[in-house]
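Take a look at the letters that make up each chain.
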Amino acid sequence: MSDAGIDIRKIRNIGIAAHIDAGKTTTSERILFYTGKIHRIGEVHEGAATMDFMDQERERGITISSAATTCYWKEYMINLIDTPGHVDFTMEVERSLRVLDGAVAVFCAVGGVEPQSETVWRQLDKYRVPRIAFVNKMDRVGANFFDVMKQIKERLGANPVPIQLPMGAEDAFKGIIDLITMQAIEYADELGTRLELEEIPQAFLAEAKKWRERLIEALAEVDDEIMESYLEGREISEESIKRALRFGTISLKLVPMLCGSALKNKGIQLLLDAVIDYLPSPLDIPPVKGVDPRTGEEVIRHTDAEAPFTALAFKVLVDPYVGRVVYTRIYSGKLHTGMSVLNTNTGKKERIGRILRVHANKREDIESALAGTIVAIPGLKNTRTGDTLCDEKGPVVLEGMNIPEPVISLA
Ligand code: GDP
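Residues numbered from 1 in each chain as written. Predicted model: local features only at pLDDT ≥ 70, side-chain atom pairs only at ≥ 80, totals over all residues. Heavy atoms only, no water.

An unreviewed UniProt entry lists the protein chain under the name Elongation factor G, with Acetomicrobium hydrogeniformans ATCC BAA-1850 given as the organism. UniProt's Sequence similarities (unreviewed entry) comment on the protein chain is quoted here verbatim: "Belongs to the TRAFAC class translation factor GTPase superfamily. Classic translation factor GTPase family. EF-G/EF-2 subfamily." Under the UniProt heading Subcellular location (unreviewed entry), the note attached to the protein chain is "Cytoplasm". (UniProt positions renumbered as here; feature names shortened; annotations may be inferred.)

1. What to know about the confidence of the model for the protein chain
When pLDDT is averaged across the protein chain, the result is 87; 86% of the residues are at 70 or more. Every residue in residues 38–53 is under pLDDT 50, and counting partners more than four places away or in other chains gives 13 contacts. Note on residues 401–409: pLDDT is under 50 here. Beyond four places in sequence and across chains, it has 26 contacts. Interface scoring of the predicted complex returns ipTM 0.99; its pTM is 0.90. (pLDDT = per-residue confidence, 0-100. Contact = heavy atoms within 4.5 Å.)

2. Re the sheet that holds strand 8 (residues 175–178)
Two modes of strand pairing occur in sheets, parallel and antiparallel, and in both the strands are linked by backbone hydrogen bonds. Spatially, 7-8-9-10 is the arrangement adopted by the 4 strands of the open sheet, whose pairing is antiparallel. Of all strands in the sheet, those with a lone pairing partner are strand 7 (164–167) and strand 10 (193–195), marking the two edges. Strand-to-strand twist across the sheet, computed as the mean angle between neighbouring axes with direction ignored, equals 30 degrees. Pairing analysis gives 3 bridges linking strand 9 (residues 183–186) to strand 10, with the strands arranged antiparallel. Paired with A184 across the two strands is L195, which belongs to strand 10. Strands in contact with helix 7 (residues 202–222) are strand 7 and strand 8; relative to strand 7, the strand with the most contacts, it is inclined by about 160 degrees. (Pairing = 2+ DSSP bridges. Helix = DSSP H or I, 4+ residues; strand = E, 2+ residues; numbered from the N terminus. Axes fitted to C-alpha atoms, helices over the stretch in contact; angles between N-to-C directions.)

3. Brief notes about the layout of surface pockets
As a volume, the largest pocket reaches approximately 530 Å³. If you trace the largest pocket, you find 30 residues lining it, with D178, I185, R194, L270 and D273 closest to the centre. Those elements that provide at least two residues to the lining of the largest pocket are strand 8, strand 9, strand 10, helix 9 (238–250) and helix 10 (268–278). Among the elements that line the lining of the largest pocket, the one with the most residues is helix 10, at 8 residues. Here the residues of the lining of the largest pocket sort into 13 nonpolar, 8 polar and 9 charged. (1 Å grid on protein atoms, 1.4 Å probe; cavity = no way out; pocket = protein on both sides within 12 Å on 5 of 7 lines; lining within 4 Å. Points joined across faces, edges and corners; volume = space filled by probe spheres on them. Nonpolar A, V, L, I, M, F, W, Y, C, P; charged D, E, K, R; others polar.)

4. Quick look at the side chain of N343
For N343, the location among the structural elements is in strand 17 (residues 340–343). In this view, N343 contacts K348, N382, T383, D387, T388 and L389; residues no more than four positions away in its chain are not counted.

5. Notes on the nonpolar core
For soluble globular proteins, nonpolar side chains are generally found buried alongside one another. Grouped together as the largest cluster of nonpolar side chains are 76 residues, with contacts concentrated most on V104, F107, I152, L215 and L245. By residue number, the principal contributor to this core is helix 7, which donates 9 residues. Setting aside residues no more than four positions away along its own chain, I152 makes contact with F107, V113, W121, A133, G157, A158, P160 and M257. Of all hydrophobic cores here, the second largest spans 27 residues; its members include A17, V299, L356 and L398. (Core = buried A, V, L, I, M, F, W, Y, C linked by side-chain atoms within 4.5 Å. Buried < 20%, exposed > 50% of the residue type's maximum accessible area, 1.4 Å probe, protein only.)

6. Quick notes on the site of the ligand
Lining the immediate surroundings of the ligand are 15 residues, of which D21, K24, T25, T26 and D139 lie closest. In this structure, K24 approaches the ligand through a main-chain N or O atom, which is 2.8 Å from an oxygen atom. When the ligand is considered free in solution it has 570 Å² of accessible area, and contact with the protein chains removes 72% of it. In terms of residues, the shell around the ligand owes the most to one element, helix 1 (residues 24–39), which gives 3 residues. Here the shell around the ligand is composed, by residue class, of 4 nonpolar, 6 polar and 5 charged. (Near = heavy atom within 4 Å. Polar contact = N/O pair within 3.5 Å; in protein donor to acceptor, adjacent residues only side chain to side chain. Areas by Shrake-Rupley, 256 points an atom, 1.4 Å probe, with all protein chains shown as cover.)

7. What about helix 6 (residues 145–156)?
Along its 12 residues, helix 6 runs 16 Å from first to last C-alpha, staying within 8% of the 16 Å computed at 1.5 Å per residue. Of all the residues in helix 6, the buried ones are F145, V148, M149, I152 and L156. In an axial view of helix 6, the angular spread of the buried residues amounts to 105 degrees, which keeps them on one side of the axis. Sitting at the head of helix 6, N144 places a side-chain oxygen 3.0 Å from the backbone nitrogen of F146. Of the residues flanking the end of helix 6, it is G157, one or two places downstream, whose phi is positive at about 65 degrees. (Expected span 1.5 Å × (residues − 1). Arc of directions from axis to C-beta.)

8. Side note on the packing of helix 5 (residues 115–126) against helix 6
Where helix 5 meets helix 6, the closest approach of the two axes is 11 Å, and the angle between their N-to-C directions is 65 degrees. Read as a crossing pair, helix 5 and helix 6 show a hand that is right-handed. The segment helix 5 lies against helix 6, with P115, E118, W121 and R122 engaging I152, R155 and L156. Class assignment for the residues of the contact of helix 5 with helix 6 results in 4 nonpolar, no polar and 3 charged. (Left-handed = near helix turned anticlockwise from the far one by under 90°.)

Laid out in structure tokens, this is it:
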């Protein structure tokens, strides 16, 4: 296996950020479950497989202990990067934030914005990480989507825009109306059922129209084409709305908001759709900067498979089966087995014997990996967290913590 056929535009490197107890673990497990199920269609049984799969995973501790887990959703590769749940200002937290291109911020529908979620949010702000918000636990007593939205606006100073209207809350949380397509999804089962227009209660429909209008107004602020159509009273296509929303999210001007209940398997698949629709690909993010250790000159590396190899070791773990593995984000070029790379922090060369891609249920040996992806490399003796690995012909030490302006290219 290799990455040769991967389209970099179809990669999402994301983290799930939340204060403790909001549902980060449950949401991550559900994401791995649905992506695994879709990816391995025909291999797992429907229905009861849900809990079996998760219990097994939990026993083996794979989903929990991995620094980055690769899964697939609708032909997109999603690398779920573990962001520490406890928030301290260690270099480790900083590094894990640095390798993400986007984040899902999970809030509890009852607790809303809590002091700790504020700290996580500020860190994401510091690293200019675009994000979408998932209001979880809509089934709990006291759940209130709009209260949480108000808190995100007032306490976090963000510009949240609902892209779904919840139909009901608590025991009566029935589903959502998608404000972009105006389709209602009832969560009667895991997959949800699409309701016909006449099946949607009138009160929800009227409310959804109101919120859709607000969404368009928010988009008009960031998109001239929408502004024009809006002022002229023209119909705005689903495609234009999505494009403007993607732009608004990546430019950090807007935070699309969704809701659901991870525990009850409600809303996770639409959350995955939003990850691929609105969070950036490695081509949408700014290039990384570093210094040539020979000359002291600045080096810029774009996400480009043809550029010299440059990667950052962001986490070192001891894996029970493979031993010491170095989790690495490749920023440019290609990595392949048998290659020799330079660690510019130690000045030593390291040979790449194996490259692994870590999935929820297995480790996969791959022969090569491309810019924009994340891999685990066993057998590197001298590489520590924070080191730069690169092509010896184009040596670079990646800057510790650059906080660049976002480049909006919408690849
Ligand atoms: P984390 O600390 O953010 O990783 O949160 P967990 O995923 O461990 O969830 C904390 C608690 O909330 C657990 O007892 C979960 O079962 C529960 N929980 C998570 N999601 C939901 C949800 O959607 N609804 C309800 N009612 N409980 C949830």
